[in-house]
Structures are given as structure tokens and as C-alpha cells.
Amino acid sequence: MLKMPIPDADAIGRRAEIAAALRRIVPGEGVIEAPVEMRAYETDGLTAYRQLPLVVVLPETTAQVSDILRYANDHAIKVVPRGAGTSLSGGALPLADGILLGMAKFNRVLEIDYANRCAVVQPGVTNLAITKAVEHRGFYYAPDPSSQIACTIGGNVAENSGGVHCLKYGLTANNVLGIEMVLVTGKVIRLGGKHLDSEGYDLLGLMTGSEGLLGVVTEVTVRILQKPETARAVLVGFSTSEDAGTCVADIISAGIIPGGMEMMDRPAIHAAEEFVHADYPLEAQALLIVELDGPQVEVDHLITRVSEIATANRSTTLRVSTSEAERLLFWAGRKAAFPAVGRISPDYLCMDGTIPRKRLPEVLRGMSELSVKHGLRVANVFHAGDGNLHPLILFDANDADQLERAEQFGADILRLCVKVGGVLTGEHGVGIEKRDLMPEMFSETDLNQQMRVKCAFDDQGLLNPGKVFPTLHRCAELGRMHVRNGQLPFADIPRF
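Throughout what follows, the structure given in this document is the object of discussion.

Rules used in this analysis
Residues numbered from 1 in each chain as written. Predicted model: local features only at pLDDT ≥ 70, side-chain atom pairs only at ≥ 80, totals over all residues. Heavy atoms only, no water. Pairing = 2+ DSSP bridges. Helix = DSSP H or I, 4+ residues; strand = E, 2+ residues; numbered from the N terminus. Axes fitted to C-alpha atoms, helices over the stretch in contact; angles between N-to-C directions. Contact = heavy atoms within 4.5 Å. Disulfide = S-S within 2.5 Å. Buried < 20%, exposed > 50% of the residue type's maximum accessible area, 1.4 Å probe, protein only. Expected span 1.5 Å × (residues − 1). Arc of directions from axis to C-beta. Salt bridge = Lys/Arg side-chain N within 4 Å of Asp/Glu carboxyl O.

## Considering the sheet that holds strand β14 (residues 260-265)
Think of a sheet as strands paired side by side through backbone hydrogen bonds, with each pair either parallel or antiparallel. Strand order in the open sheet formed by 7 strands is β16-β13-β15-β14-β19-β21-β17, with antiparallel pairing between adjacent strands. The open sheet has two free edges, formed respectively by β16 (315-320) and β17 (347-350), since each of these has just one partner strand. The sheet shows a mean angle of 20 degrees between the axes of neighbouring strands, direction not considered. Where strand β19 (residues 378-382) meets strand β21 (residues 391-395), 3 bridges bridge the pair, whose relative direction is antiparallel. Residue pairing in the sheet places Ala379 in a bridge with Leu392 of β21. Its contacts with the sheet put helix α9 (residues 241-253) on β13 (230-238), β14 and β15 (286-294), and the angle it makes with β14 is roughly 170 degrees. On the sheet, helix α14 (residues 360-374) packs against β14, β19 and β21 and is oriented at approximately 155 degrees with respect to β19.

## Structural notes on the state of the cysteines
Inspection of every chain in the model, using the stated rule, returns 1 disulfide. Just so you know, Cys247 is unpaired, no disulfide at all, and the nearest cysteine sulfur is the one on Cys166, 18 Å from it. Here Cys247 falls in the buried class, since its relative accessible area comes to 1%. Between Cys417, a free cysteine, and Cys350, which holds the nearest cysteine sulfur, the sulfur-to-sulfur gap is 12 Å. With a relative accessible area of 1%, Cys417 lands in the buried category.

## Quick notes on helix α16 (residues 444-457)
Residues that lie three or four places apart on an α-helix share one face, since the helix turns once every 3.6 residues. Between its first and last C-alpha atoms α16 spans 20 Å; for 14 residues at 1.5 Å apiece the expected length is 20 Å, and the two agree. Within α16 the residues assigned to the buried category are Leu447, Asn448, Met451, Lys454 and Cys455. For α16, the arc enclosing every buried residue in end-on projection is 110 degrees, short of the 170-degree limit, so these residues lie on one face. Exposed side of α16, more than 90 degrees from the buried face: Thr445 and Ala456 are the residues found there.

## Here we look at the environment of Ala456
By the secondary structure assignment, Ala456 is in helix α16. In this structure Ala456 comes out as exposed when scored by relative accessible area, which is 66%.

## Considerations on unusual backbone geometry
Among all residues save glycine, negative phi is the norm, and among peptide bonds the norm is trans. The phi angle at Ala76 is positive, at roughly 55 degrees, despite the residue not being glycine. In this model, Arg117 sits at a positive phi of 50 degrees, which is unusual for a non-glycine residue. Its location among the elements puts Arg117 in the loop between β6 (109-113) and β7 (118-121). By relative accessible area, Arg117 is classed as partly exposed at 39%.

## Comments concerning the sheet that holds strand β10 (residues 188-192)
Judged by pairing direction, the sheet is antiparallel, and its 5 strands sit side by side in the order β6-β7-β11-β9-β10 without closing on themselves. A strand with exactly one partner marks an edge of an open sheet, and here the two such strands are β6 and β10. Neighbour-to-neighbour, the strand axes of this sheet turn through a mean angle of 15 degrees, independent of strand direction. Here strand β9 (residues 176-182) pairs with β10 via 5 bridges, running antiparallel. From the neighbouring strand, Gly178 faces β10, where its bridge partner is Gly192.

## What to know about the environment of Ser66
Assignment of secondary structure puts Ser66 in helix α4 (residues 62-74). The class for Ser66 is buried, based on a relative accessible area of 7%. Along the sequence, Ser66 and Gln226 sit 160 residues apart, while their C-alpha atoms lie 36 Å from each other. Among residues more than four places away in sequence, those in contact with Ser66 are Val182, Gly186 and Val188.

## What to know about the pattern of salt bridges
Scanning the entire structure with this criterion turns up 31 salt bridges. The partner of Asp97 in a salt bridge is Lys78, and the shortest N-O contact between them spans 2.8 Å. Of the two residues, Asp97 sits in the loop between β4 (78-82) and β5 (98-102) while Lys78 sits in strand β4, which places them 19 residues apart along the sequence. Summarising the burial analysis for this pair, Asp97 and Lys78 share the class buried. Among the salt bridges present, the one from Arg359 reaches Glu362, with a minimum N-O distance of 2.7 Å.

Below is the structure:
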């Protein structure tokens, strides 16, 4: 059972007072405190857990965010930042004694600078909206999570999101040039900008992936790219997942860096085909989508090489897209895999771990064995090129035993990822989902050093507490190295 910090009864008792103070900062309908109206914010994409916040506030300006954080810091009130709520790790799960700071009204594209190939946007702008704003000039924003139609760029910065094209074009960290952010004290600072790199410490890199623990982002400058001259996709079927995994490793070891390289196993193939009708080979046990982009002559050459490598790895089917519509159809099935799997199971947990590519066949075998051990099905959809796995564990949340087994199954998958030299997360973040598994990867010394970074930004531990770190410590105690005496208690999180 996952736990969160025990609620502060004093803060809960001051709910009306806190709501009134927030209304003075954000007038009109910007503050929500009625329980029935706060239901929309009680969970995020990790829907197994829920918690009503103390109060919800929806600011519209950086000045309002600054005043809210200053008030919270002065009165020792916890704050949980939230974007679109698509987090799959519980990163936006509210606190019963904390303000839920919703950034959805920060939804404007502020500037598009084609000369410097960047766009300045507010954090509530959706990932796909950035591409929509520049595609008429032949540009796009490269990171493309499956939830890109809904997830926001602020949330992408918080989790360092990737997507199917991150293999060649990088994660959010590689495509963000600058941010404006508000510290818990209310101070507004800027990191980076339109220039390629900044002097001094890489604080922008520190903020990207910090999961709302260090500050609240109020503006983002992102890199935009020109669309490649040519893009074609190769759809390859295999009779075993091991052959597909070996093919992935062989493509990369040959020096080929595809624009995207994704893999699905048989359950995911069938679910996606029934949902999208992309003409996937249903007899295949594993399916690779390999996209090559660039100048046409280069793409044609690389398609030949990829086809040869696939054949050498005993591919059973191989199709190359012959039109843009067909290329998009190949991807439509992969992009819709998550909702497609939702049609064949009442519920599923979407895991997120990353492994060395060469260990892919071994990990796939291991997951099959774990499926038998826990008595639950698993459908695999993942970014094969960079080893970022997204196993979907199928279960019925109405059966408490199945939910318990699904969580144990997911934990075992992540332990397996670490065992083979991988990491606990590739793009979903730690949140609460992986928080208690952090000691599998880090020693207590490692975690205490990371916590000291948190304390440097937030010395009262008010920003998104209970996430990422398996043990909460008071910053003053950490400073004196008396960490064990500084532990804060945890309480159970309600489940659906």
C-alpha cells in the first residue's frame, strides 16, 4: 500500500481561511473548495489512487503564481503543481492538506521565432499544439508522447517526457532552451533563453525532470525543427519477441539512428489492429515500426539496410510505406495502443522502465515469466530504440487482489530493469508509483544527497511532498546529517 505524508490537521482546519486568502490573489472563479467540484482533480493518470486536495487554485498570471507560493511558504502550506493530469506515476496526486495549483489557464503561445528556430509558450499549452502552431511553415516540435494531444509542455518539463521520436531527436531536456519559473518563496527567475547554451551551472537541466519538487514553471522556450525532406516507415513482423529485440540492437549497432523505432508484442498488436485497422500482421508475435527520415537518397539507402538486418533476424513480414497516408497509418496503431488495450481489459497499469538495448530479449523473457508468476496478462508497447519499456499490466480494479498483484508485478518488472543495468523510469517520472523502489537503484547516501538539492530550493519541503523520495527528511536535520531523527510519518493513500 502506497503512503503519503500524514495530513496536517491544522491546515485542514484552516481551509476556509486559506481559500479566502487565495481568492484575494485569484478573484472570480479561480478558487475551488467544494468537494464535489474538486473531484476532477482527485487523481491523475495513475487512477488506482485518489485524494481530494485541500483547495484548488487556478491562476492566470506569473504574478498570481508568485503570490500564491509566497503565501504558502509564509504559512507552511503544501502545494502540488498540476498540468493536464496525464501523469502516469501519481506525480500530480493531491494532498488532503495541500493547495492544488492548476496551471491549465496558462495556455497561450507567446512567440514564434523562426529565425532562432524556437517558440515561447506557456506551460498549459499542449504538446501537439506547439507543432500545430508552426507546421504551416514546415516546422514541428520533436518530442511526441502518446498523450501529446492532452499533455502539456509544463508537465513534459516536469517529467522530461520523450515519445516515439526521442531516439533521434532527444527528450524534452534536449529540446527546451529556457524557462521562467517561480520558487517557493515567490521569487521569479529565468533559466536559459533563446541562445543555444547558458553559462554557469546547468540549472535548466536540473529543473527538467524535477517533478514539481523545485519550483513552478510559468513559461517555456522550446526548440522547433524543420520537417525532414522525406520520412518513410518500415513495418516488420517477427515470430518471436527475442528476434525483434535482437533486430533492434543490430540496427543501432550498424550505426543507423532511425527517427523512431517502436515495438509491440502480440496482445498489443491485436488490440491496436482491432481499434485502428492499420493492417498489422496478426500472425506476428512481435512488430517493429522503424521510421527513417532525412534526404530521400539517404532514406532509400537506410531502408535497404534496415530490411537486410530484419531479414537476417528472421523477420516474417516486411512492408515499407509508399505514401504519407500509409506512414501515418503505421503510426496510428502505435499511438493508439494505450486506449486500444483499454478495450480488452477493465484496467491496466502502464509501467515505465529503461534498459540497455542489448538486454531487451532477456527482459522480454523475464516479463513473460513474471506474467505467469503473478497470474496477470501483460501487453508490451515501448520505445525499442532507446530501451524505454512500457509494459501494460492488465487487471480488474474491482478485484482488490488483482490490483495488489498488478502492483507487485510492476515492481518486479522495474527491479528486473535495474538488475540488467537499466533505470526505474525513462519518461513517466518517479512520483509515488516508483518512489518506494528508489532504494533498488540508489543508496541512502545517494538519496540524501538528492534530498539536499530539494532542500536548497524548498527548505520547508512544501512543494509536492511525498513524491520521488521514499523517506521524507526535514531539511534542517539533513543539514546536520541527523537524517534518521528527521523522518516524517506517512499515511495510506485511498484507493479506488
